[in-house]
Amino acid sequence: VDTVARIALPLERGGKRTARTKEASALVDAAQDDMLSAHRDMREAVFGAYYDLKAAEERRDILQAIARGYAEGMKMANLQRHAGALSDGDLAKQNVEASRAGADAMQAVTQWHAAQLALAGLIGAEAQAGQLATSGDWPVSDISKDAAADLIALRRPDVLAAQARVEAARRALDGAHALRHPDVTVGVQYERADGDLGVGNSVGVGVSIPLPVRNRYNGEVDAAGVALVQAEAEARKAVAMATADIVIARQALDEATQRRLQFDDEQLTAARKANDIAEFAYKNGATSLIELLDARRSLRAIELGAVDARSDQANALARLKAAETTGDDQ
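Everything in this summary refers to the structure shown in the same document. Being a predicted model, the structure only gives us computed values, none of them experimental.

Scanning the protein from N- to C-terminus turns up six helices and three strands. The secondary structure elements of the protein, listed N-terminal to C-terminal, are β-α-α-α-α-β-β-α-α. For a compact globule of 330 residues, the expected C-alpha radius of gyration is about 20 Å, and the protein comes in at 37 Å, more than 25% above that figure. The principal-axis extent of the C-alpha atoms belonging to the protein is close to 135 × 45 × 35 Å. Across the 330 residues that make up the protein, the buried fraction comes to 34%. Relative to all contacts within the protein whose residues are 6 or more apart in sequence, the contacts with residues 24 or more apart total 83%. For the protein, the computed accessible surface area is about 19300 Å², with 56% contributed by carbon and sulfur atoms. Here the protein carries 40 positive and 49 negative side-chain charges, and the mean point of each set is 1 Å from the other.

This is how it looks when you write it as structure tokens:
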């Protein structure tokens, strides 16, 4: 019986190994940039949930204060009714407003708890959701807009990931072209034969080269070429979307900032002054209950609108920071 031991070593030609290594490296870069982009999205979501909780806290405080004010007002109204200074109709109107204020306060508490749960779910603190609370004032816009949006977009992690995939597709195309270069296999062989069964022990070397007859790997090359075209299109789309995201976020922040300033500098002051005048006039019999209730409703609407304006500005600021986050900021 012959005993044969052989060692064969394939030698790749055409740069197959280099193309395969560079493709894998580019895909690793794309995965890392995807992770940074996911971190960016998560931070934006957490900031948004935090500002929603802060807005829910302020709405809760405003509506609970209004409900307490109506409850105290009802006590005074009942005393006035017994003294004959208030009609049954006016008492009923105040009772309706007090009931509505109480219902609004309860709804605000429910929304506050929902905001706590939303934030807790994002930060993994579901068990401590009831203890979550915000601190400090609302943020102010401090982002410089000197840098061009398209230049910032080129350094965003999602754009970098798309560009890395283009590089990977380009290297895959190089690897497909390299398939047209047949690999060479070299080998060393030792053969041992006992007795008269063979020619004796022998050592040999061999070289094999496959002949790619009627196969130029056109299918693989065409598929890799199409994948490269698709990757380039996705990269251009990523740049366009990132640029638009930054431009829209900047515009949204400008609009939200102007809206907040209008509430803080104009509407809140005017509504509070009008409410104080109505309260004073009603106590001195110079105005009707209807006008007083209208002033109170107007003030409540303006105060809640101011909370919404502050929340909108804070969320717009968070969106802009996320939109302008580059790989260097991670």
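The N-to-C vectors of helix α4 (residues 157-178) and helix α5 (residues 218-283) enclose an angle of 165 degrees; their axes lie 8 Å apart at closest approach. Between α4 and α5, the angle is such that the two are roughly antiparallel. Helix-helix and strand crossings are classified by hand; for α4 and α5 the assignment is left-handed. Taken together, the residues of the contact of α4 with α5 sort by class into 16 nonpolar, two polar and five charged.

How each quantity is defined
Residues numbered from 1 in each chain as written. Predicted model: local features only at pLDDT ≥ 70, side-chain atom pairs only at ≥ 80, totals over all residues. Heavy atoms only, no water. Helix = DSSP H or I, 4+ residues; strand = E, 2+ residues; numbered from the N terminus. Rg over C-alpha atoms; globule rule 2.2 N^0.38 Å. Buried < 20%, exposed > 50% of the residue type's maximum accessible area, 1.4 Å probe, protein only. Contact = heavy atoms within 4.5 Å. Areas by Shrake-Rupley, 256 points an atom, 1.4 Å probe, with all protein chains shown as cover. Lys, Arg positive; Asp, Glu negative; His and termini not counted. Charge placed at Lys NZ, Arg CZ, Asp CG, Glu CD. Axes fitted to C-alpha atoms, helices over the stretch in contact; angles between N-to-C directions. Parallel < 35°, antiparallel > 145°, perpendicular 65-115°, else oblique. Left-handed = near helix turned anticlockwise from the far one by under 90°. Nonpolar A, V, L, I, M, F, W, Y, C, P; charged D, E, K, R; others polar.

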